[in-house]
Amino acid sequence: MQTSRRSFLSRAAAGLGLAGSGSLLVPAAQAAESGAAFDEIYDIVVVGSGISGTMAALVAARSGAKTLLIEKLNRLGGTSRYSALDFSCVGSDRQKAEGIEDTPEAMVDDMSKVAGGLADRERALNVARNTARAQKVMADHGVKWKNLLKLGGHSAKRCLIAEGGGAGILRSLWASFERYPNLTVMPSTKLDELSLDETGVTGVVVRTHYLFDASLASDDRDNKSGAVKRFGARQGVIMATGGYARNYKMIEALQPWNLRIVGRTGAMPGARGDGIRACLWAGAKMDETHSMMMFDRCAIRPDQKPGRETIESGDSGFFWMGSQPWLKLDSDGKRFMNESGTYENVLHSNEYHKDHAHYTLFDSNWVKYAEAFKMHGCSRMFPFENGAEPNIPWQVVEQKMLPELVEKGYVKKADTLEDLAHALGLPVDAVEASVNRHNELYAKGEDVDFGKEKHRLSAIDKPPFYGAKNVGWMLCTMDGIHINTDLNAMDPDGKPIPGLYVIGNDSGCYFANEYPNLATGMACGRTVTFGRIVGLKLARS
């Protein structure tokens with residue numbers, strides 16, 4: 001596949017659906033020459049060691065393939081290291097033991113409802129029909145499940161909760177690597193580009209002994225460390241580099257509306273879009289609807305603005321309480337929505353606010369109200385009905401997180417509503433009127449203004465009072481490379497690119513616009529299941 005640099009850029013721009021996007025896509029080195037000798041040849045090369053890449057490498061090696069797993073950072077793991085990784089699974093051992101009847105179609109129906117019908121049904125069914133097989137692989141490699149729950153958005157009890165969360169799952173899987181002498185793991189090894197010939201993708205060009213420097217704006221342009229190596233892949237290259245949530249230039253180009261409403265990141269430092277850009281360079285197509293997984297859990301000081309500058313400064317507060325349905329006001333001091341919704345709904349409302357933010361208010365009775373709210377998923381701060389513990393219990397928030405936010409000025413605390421309004425920079429009369437109306441609705445037991453459920457109403461009448469300028473916290477990007485049901489990367493004409501496969505946050509064709517976070521465990525279900533499917537497929541081929 002003799003292809004000029006200009007032709008590559010043209011194809012990559014077409015894959016993005018953008019003109020003039022070449023500067024976004026240029027990799028560190030020029031394209032590998034067709035026929036260049038490989039330093040070593042493997043059956044399968046997996047790029048990225050998060051949960052999807054780990055599953056793909058493990059299953060491929062288990063199936064007998066000579067497998068190489070590379071990771072840019074000096075230690076393994078992606079976003080999943082810091083996630084709960086609740087796993088929505090149909091037909092798990094725990095479901096069978098409890099006699100729970102469930103179907104893949106029911107799980108996808110649940111997902112579709114909370115996603116407004118925007119999720120890709122074909123690929124979602126591909127996940128749902130294979131979740132039990134992925135769960136068995138994980139159990140065979142030491143992953144232990146402490147609970148099976150029926151969480152929000154699900155019609156059946158199907159959400160598996162792992163011991164140790166995402167980090168616990170990964171530790172168990174990594175400990176199993178030693179079982180497979182045909183699996184080679186190389187941390188501190190960065191993908192620079194894909195190697196291609198007339199048959200398709202044949203391998204990777206990497207730098208070993210790479211010293212990742214998070215302080216550099218551009219990994220590719222500014223970091224020259226490492227030694228160039230070429231590794232062949234007989235059956236295929238699997239891309240799983242974790243998306244581009246730390247590539248702010250790329251976010252500015254593809255989804256500037258989201259960057260404007262976010263003030264904090266939980267993304268891995270290495271999530272710079274390496275895999276997606278390499279796929280675009282090779283002629284793949286990217287989703288045209290660009291999105292990120294974000295939560296209403298960042299507090300900034302009243303004089304700060306959300307956006308790239310605040311994110312990169314690291315000067316923001318992790319406001320876990322922000323997802324509770326407290327009273328939310330705009331910068332005019334007026335209530336504007338039913339606060340009981342998805343984590344992202346209020347953030348999308350921020351797009352239309354003049355300061356791209358909202359203001360969250362609550363009082364000293366907040367613990368009582370938070371228990372009554374009966375929140376779902378990761379925002380819950382009290383034990384679930386079956387006794388399962390929440391991700392972060394209210395005691396941690398009360399004793400540590402909230403006091404620290406107040407001390408650093410991210411949350412304001414005042415003995416009067418007037419002082420609180422002044423501290424937040426909001427008009428006093430409007431804030432007092434909104435709080436009085438809010439309290440009236442609580443006493444009435446009915447939200448006739450916006451329709452919030454009775455059990456999620458609260459009053460603001462016991463000082464001291466609290467308030468925060470509330471914006472988004474992003475975890476990862478969700479748009480990626482077009483794939484078919486075999487996880488093969490697709491070109492703009494809908495044709496598969498031989499030898500190139502994409503999973504995890506590098507892959508697209510699954511979520512649209514926002515993550516369906518009212519159906520817990522959908523992201524983990526996708527990543528582990530697709531990892532297993534593609535690892536097994538290529539090993540058998």
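Structure: above.
Just so you know, these numbers come straight off a predicted model, no measurement behind them. (Residues numbered from 1 in each chain as written. Predicted model: local features only at pLDDT ≥ 70, side-chain atom pairs only at ≥ 80, totals over all residues. Heavy atoms only, no water.)

## Observations concerning the pairing of strand β16 (residues 465-477)
This is how the line gets drawn: Remark: exposure states derive from per-residue accessible area (1.4 Å probe, protein chains only) relative to the maximum for the residue type, with buried under 20%, exposed over 50%, and partly exposed in between. A run of DSSP states H or I qualifies as a helix once it reaches four residues; a run of E qualifies as a strand once it reaches two. Both are numbered from the N-terminal end. Two strands make a pair as long as DSSP finds a minimum of two bridges between them.
Buried residues dominate β16, accounting for 13 of its 13 residues. Here strand β10 (residues 262-265) runs beside β16; their pairing, made up of three bridges, is parallel. Directly across from T265, in β16, lies its bridge partner M474. Note that strand β11 (residues 292-300) and β16 share seven bridges and pair antiparallel. Bridge assignment links I300 to a residue of β16, and that residue is K469. The pairing of strand β15 (residues 411-414) with β16 spans four bridges and is classified as antiparallel. Paired with K412 across the bridge in β16 is G467.

## Concerning the packing of helix α3 (residues 51-62) against helix α8 (residues 165-175)
Packed helix pairs are specified by the crossing angle of their axes together with the interaxial distance, meaning the distance between the axes. Defined as follows: Whenever a helix is involved, its axis is fitted only over the stretch in contact; in every case the axis is a line through C-alpha atoms, and angles between N-to-C directions fall within 0 to 180 degrees. For classification, angles of less than 35 degrees are called roughly parallel, those exceeding 145 degrees roughly antiparallel, those between 65 and 115 degrees roughly perpendicular, and all remaining angles oblique. Should the near helix be turned anticlockwise from the far one by less than a right angle, the crossing is left-handed, and should it be turned clockwise, the crossing is right-handed. We call two residues in contact whenever any of their non-hydrogen atoms come within 4.5 Å of each other.
Between α3 and α8, the shortest axis-to-axis distance is 11 Å and the interhelical angle comes to 25°. With respect to α8, the axis of α3 lies roughly parallel. Along this stretch, α3 crosses α8, giving a crossing that reads as left-handed. In this structure, α3 contributes I51, T54, M55 and L58 to the contact, and α8 contributes I169, L170, L173 and W174.

## Here we look at the pattern of salt bridges
Stated formally: Should a side-chain nitrogen of Lys or Arg be within 4 Å of a carboxyl oxygen of Asp or Glu, the pair is scored as a salt bridge.
For the coordinates displayed, the defined rule picks out 27 salt bridges. With a shortest N-O distance of 2.9 Å, D140 and R62 are connected by a salt bridge. With D140 in helix α7 (residues 131-140) and R62 in helix α3, this pair connects stretches of sequence that are 78 residues apart. With relative accessibility at 38%, the residue R62 sits in the partly exposed group.

## Re the side chain of T54
Structurally, T54 is set in helix α3. Leaving out residues up to four positions away in the same chain, T54 has contacts with G48, S49, L170, L173, W174 and F177.

## Re helix α18 (residues 428-444)
Here is the rule we go by: The span expected for a helix works out to 1.5 Å for each residue beyond the first. This arc is taken over the directions from the axis of the helix to the C-beta atoms.
The first and last C-alpha atoms of α18 sit 24 Å apart over 17 residues, in line with the 24 Å expected at 1.5 Å per residue. Residues V428, A430, V431, S434, V435, H438, N439 and L441 constitute the buried set of α18. Relative to the axis of α18, the buried residues are bounded by an arc of 165° and lie together on one face. In this structure, α18 carries D429, A443 and K444 as exposed residues pointing more than 90 degrees from its buried face. Packed against the buried residues of α18 are β13 (327-329), β14 (358-362) and α17 (417-424). One or two steps after α18, the chain reaches G445, where phi turns positive at roughly 80°.

## Side note on the packing of aromatic side chains
Under the convention used in this document: Note on ring pairs: Phe, Tyr and Trp rings are taken, using the six-membered ring of Trp, and paired if centres are within 6.5 Å. Classes follow the plane angle, with under 30 degrees stacked, over 60 edge-to-face and the rest tilted. Note on geometry: a ring has a charge over it if NZ (lysine) or CZ (arginine) is within 6 Å of the ring centre and within 35 degrees of the ring normal.
Considering all chains together, one arrives at 13 aromatic pairs under this definition. Pairing F295 with Y343 gives two aromatic rings, centres 5.5 Å apart and planes at 40°, and the pair type is tilted. With F295 in strand β11 and Y343 in the loop between β13 and α14 (345-350), the pair connects residues that are 48 residues apart, well separated along the chain. Given a relative accessible area of 4%, Y343 falls into the buried group. Geometrically, the ring pair formed by F318 and W320 is edge-to-face, given 5.6 Å between the ring centres and 80° between the ring planes. Given the relative accessible area of 7%, W320 is considered buried. Taking the ring centre of Y42 as reference, the NZ or CZ of K66 above it sits at 5.0 Å.

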